[in-house]
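Notes for the structure review
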Amino acid sequence: MIIFFTYLLVASSAFVAMYYYFIFSELEEEGVDVPDSLPKVSVLMPAFNESGVVAESLENILDLDYPDYEVILVNDASTDSTLEEVKKFEDDPKLRVLDLDENQGKAGALNRGLEHVEGRFSVVQDADSVLEEGTLEKAVAMMMNDSGLGGVISRIQPLNRNSFFRNLQVTEYTVTNFYRRLMCSIDVLDVTPGAFATYRTSDLKEIGGFDKGNLTEDLDVAMRLRKEGRSLGMVYDKVSRTELPETYSDLKGQRVRWARGFIQNARKHCDMFFNSEYGWFGKFQLPLHVLMPAVAVMGLSLILFGVFEGVYNLYLHVSAVGFSFALGELNLMKVLLGFQWKIYTPLIAGLLVTGFMIREAYRSSGREVSHISSLMFYFLGFFAVKAVFWSTAIFKEITRKSKVWT
Amino acid sequence: MDLVKESILKAAAVTAVILVFGVLIGLQVDDVREGYVENQLRESTLSTQSLIVTREYLDESSRNYCKVVQDRIPEISDQNTQIGQDLQSFAGKSISNNEDYKQLRREYYVSQLRLYNLLKDYKQRCGEEATLIMFFFDDSAASTRQGSALTKYYREANNNSHIFSFNLDTGDSEVLNVLRSDYNVEGGPTVVVNGNQTFRQYNSFRELRSSIDVNKSVS
């Protein structure tokens, strides 16, 4: 049974790796023509306890070259010095500050901001993110050129890289951006991240704004836009840099929230799964998004089972003879004969393709590999960490633990 | 055909090919494993047979026989232990050759008994104090622990003990059936020392060592 599950796991991982490889093999470079005249854009920036980072974000966003835009910062009843830091920029005519008396959550804060939007396009940007010059222009141009687009995102990269977990996320985001680009190329992208996403204001208002109380309102809004028949696009050559979790505990908090948000939205939009009305997005991509964490959780379970079995056998040995071990003669022939080749063959094939895709992700984003240890951990072990997050999220959803957004 | 459909089909086809390839390699490796054990078994059988023939050729009182056996025993005994371990490990990984492994195991048990008889005879003729241990095991935790204790004893005895392992969970073998009946083995772990001392439950390394030492001094 264990071998069967391992086989199933390895086979599905190899299949997913191959699937994305074949999408990549047909990928075409797409440029965006930016028109001379660009419409007004409203940047919505919800902020809850963002002291220390909000000033850098405002400085960046208020200094962009985009011809006509406003920034609506919604202070969501922060309890730290966020508002004081924001007030230092109040002289800038592009900035409007909405100070909420009661904490409304990110979606609620965005909805309050949406009520005051004047621009034809609305950009959602986290208060701990900074934009690369030209991102707004390209995102807006892309939407102007394609009336079917309901949202445009950019690449996301970490603002700081001062810890192992941040370096790990550099690799993760590099790869995630690359896969999002592939998903865009076949029109199955499913998320408009809070770090940077551009929408048509009319679309946002038509769908009733953001879902207050939703743990991942960015996923929800993308799903609802898809329900309206909109596609999602990506400006791959522009970057939004955002503050990422620094420690394992921060990362876990964020990812468990995301995973719970995914589960919540999967339930909310379950009618889209396997629904041909939404094309390959419904028929294939959404089920694939469920399969991947399931594979990770199953993989972690098998690893834990193996570790448990090993520890149990070690316990039996130690309880019998104490810490008495003898190293046998190393025989390469016997080592090779000892492998389960029916499992190792697809595993090696899947890892090779995944390794190739990671290399392409780095190459296409123009990044250099700077932290080999983080890269290797991402390649070989990060799935297990993510599986822990997913398992925690599933457990919390089942036991209905309270949900907190940050 | 649109790109997604094409990619799904291509990915499914390539994955299927890789899986089939993996199974084919697995089958091929199964054959190599089997051949490997067969070769080891053949070598071991040949070594044992050559000692038996030597015994028949040399005069009973000849000291040459004792010298020849004494020189060859450690190697044959190690080889015998190794074959048992390989059989146990490889049979669990086999995709298709269960019947072949059953056959190999039967041959192995025959080879074990032949070696056991040879060593018993050698003990008597040459007055050696070697300890011959038959170990009957199953997949219980107690059997695993007993295996560890015996392995440690084997290492510490420094060529003076010989362990003959028999897996009670495997299929029929005439040799195994005879031994089971002879020593009234009902389950694992059962340890039979020098044919006259039987332990029917787990015995720690110390208990085992002291019991065997007492047995030696009595005999």
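Residues numbered from 1 in each chain as written. Chains lettered and ligands numbered in written order. Predicted model: local features only at pLDDT ≥ 70, side-chain atom pairs only at ≥ 80, totals over all residues.

What about the overall build of chain A?
- What chain A contains, in helices and strands, is 14 helices and eight strands.
- Expressed as lengths along the three principal axes of its C-alpha atoms, the size of chain A is roughly 75 × 45 × 40 Å.
- The buried share of chain A, taken over its 406 residues, is 44%.
- Within chain A, contacts between residues separated by at least 24 positions form 84% of all contacts whose residues are at least 6 apart in sequence. (Helix = DSSP H or I, 4+ residues; strand = E, 2+ residues; numbered from the N terminus. Buried ≥ 20, exposed ≤ 12 C-beta atoms within 10 Å, placed from the backbone. Contact = placed C-beta atoms within 7 Å.)

A look at the interface of chain B and chain A
- Facing the 33 residues of chain B at the interface are 27 residues of chain A.
- Of all the secondary structure elements, the ones that give two or more residues to the side of chain B that touches chain A are helix 1 (3-57), helix 2 (63-93) and helix 4 (141-157) of chain B.
- Per element, the largest residue contribution to the side of chain B that touches chain A is 20 residues, and it comes from helix 1 of chain B.

Focus: the pairing of strand 1 (residues 131-137) of chain B
Residue and element names in this part refer to chain B.
- Among the seven residues that make up strand 1, six are buried, leaving the element largely enclosed by the rest of the structure.
- As judged from the four bridges shared by strand 1 and strand 3 (residues 190-193), these two strands associate in the antiparallel manner. Across the sheet, the residue bridging to Phe-135 is Val-191, located in strand 3. (Pairing = 2+ DSSP bridges.)

A word on the sheet that holds strand 3 of chain B
Residue and element names in this part refer to chain B.
- Ordered in space as 2-1-3-4, the four strands form an open sheet in which the pairing is mixed. If you trace the sheet from one side to the other, it starts and ends with strand 2 (161-167) and strand 4 (197-199), each paired once. When the angles between neighbouring strand axes are averaged without regard to direction, this sheet yields 15°.
- Across three bridges, the pairing between strand 3 and strand 4 is antiparallel. From the neighbouring strand, Val-191 faces strand 4, where its bridge partner is Phe-199.
- Packed on one face of the sheet, helix 3 (residues 98-126) meets strand 1 and strand 2 and runs near 155° to strand 2. (Axes fitted to C-alpha atoms, helices over the stretch in contact; angles between N-to-C directions.)

Section: the domain arrangement of chain B
Residue and element names in this part refer to chain B.
- The assigned domain composition of chain B is domain 1 (1-127) and domain 2 (129-219).
- Each partner contributes to the interface: domain 1 provides 16 residues, whereas domain 2 provides 14 residues.
- Of all the secondary structure elements, the ones that give two or more residues to the side of domain 1 that touches domain 2 are helix 2 and helix 3.
- A per-class count over the side of domain 1 that touches domain 2 returns six nonpolar, five polar and five charged. (Domains from an automatic or database assignment. Nonpolar A, V, L, I, M, F, W, Y, C, P; charged D, E, K, R; others polar.)

Digging into unusual backbone geometry
- A cis amide bond links Gly-188 of chain B to the next residue, Pro-189 of chain B, at an omega of -5°.
- Note that Pro-189 of chain B resides in the loop between helix 5 (174-182) and strand 3.
- The backbone phi angle of Asn-49 of chain A is positive, close to 50°, even though this residue is not glycine.
- We note that Ala-77 of chain A has phi near 55°; this positive angle belongs to a residue other than glycine.
- Structurally, Ala-77 of chain A can be placed in the loop between strand 2 (69-75) and helix 3 (82-87).

Thoughts on the packing of helix 10 (residues 279-321) of chain A against helix 4 of chain B
- One way to put it is that helix 10 of chain A packs onto helix 4 of chain B with a least axis distance of 8 Å and a crossing angle of 50°. By the angle between their directions, the pair helix 10 of chain A and helix 4 of chain B is classed as oblique. For the pair helix 10 of chain A and helix 4 of chain B, the sense of crossing is right-handed. Across the interface between the two elements, Asn-313, Leu-316, His-317, Ser-319, Ala-320 and Val-321 of chain A of helix 10 of chain A pack against Ala-141, Thr-144, Arg-145, Ser-148, Ala-149 and Lys-152 of chain B of helix 4 of chain B.
- For the contact of helix 10 of chain A with helix 4 of chain B, the class distribution of residues is five nonpolar, five polar and two charged. (Parallel < 35°, antiparallel > 145°, perpendicular 65-115°, else oblique. Left-handed = near helix turned anticlockwise from the far one by under 90°.)

A look at the nonpolar core
All names here are of chain A.
- Judged by nonpolar contacts, the single largest core of 93 residues is most densely connected at Ala-14, Val-43, Leu-44, Met-45 and Ile-72.
- Top element by residues in this core is helix 1 (residues 2-25). It accounts for eleven residues.
- Beyond its immediate sequence surroundings of up to four residues, Ile-72 is in contact with Ser-42, Val-43, Leu-44, Met-45, Arg-96, Leu-98, Gly-113, His-116 and Val-117. (Core = buried A, V, L, I, M, F, W, Y, C linked by C-beta atoms within 7 Å.)

What to know about the environment of Cys-184 of chain A
Residues and elements named next belong to chain A.
- Note that Cys-184 resides in helix 6 (residues 164-185).
- On the basis of neighbour counts, which here come to 20 C-beta atoms within 10 Å, the residue Cys-184 falls in the buried class.
- The contact partners of Cys-184, leaving out residues within four places of it in the chain, are Leu-189, Leu-232, Gly-233 and Met-234.

Brief notes about the confidence of the model for chain B
Residues and elements named next belong to chain B.
- Chain-level statistics for chain B give a pLDDT mean of 85 and a share of 93% at 70 or above.
- Between the elements of chain B, mean pLDDT differs from a low of 77, seen in helix 6 (residues 205-218), to a high of 92, seen in strand 3.
- This prediction of the complex comes with two scores: 0.82 for pTM and 0.83 for ipTM. (pLDDT = per-residue confidence, 0-100.)

A word on the pairing of strand 1 (residues 41-47) of chain A
All names here are of chain A.
- Of all seven residues in strand 1, seven are buried, a share of seventy percent or more.
- Burial of the side chains of strand 1 extends over both faces: Val-41, Val-43, Met-45 and Ala-47 are buried on one face and Ser-42, Leu-44 and Pro-46 on the other.
- Both strand 1 and strand 2 contribute to a ladder of seven bridges, which runs parallel. Paired with Ser-42 across the two strands is Glu-70, which belongs to strand 2.
- Both strand 1 and strand 4 (residues 121-124) contribute to a ladder of four bridges, which runs parallel. Along strand 4, the bridge assignment pairs Leu-44 with Val-124.

Side note on the sheet that holds strand 7 (residues 197-200) of chain A
All names here are of chain A.
- Taking strand neighbours across the sheet as the criterion, the eight strands line up as 3-2-1-4-7-6-8-5 in an open arrangement whose pairing is mixed. What marks the edges here is a single partner per strand, and that holds for strand 3 (95-99) and strand 5 (129-131). The sheet shows a mean angle of 30° between the axes of neighbouring strands, taken without regard to direction.
- On top of the sheet, helix 2 (residues 54-62) reaches strand 1, strand 2, strand 3 and strand 5; it is set at about 15° to strand 5, its chief contact.
- Relative to strand 6 (residues 149-158), helix 6 is tilted by about 155°, and along the sheet it contacts strand 6 and strand 8 (231-242).

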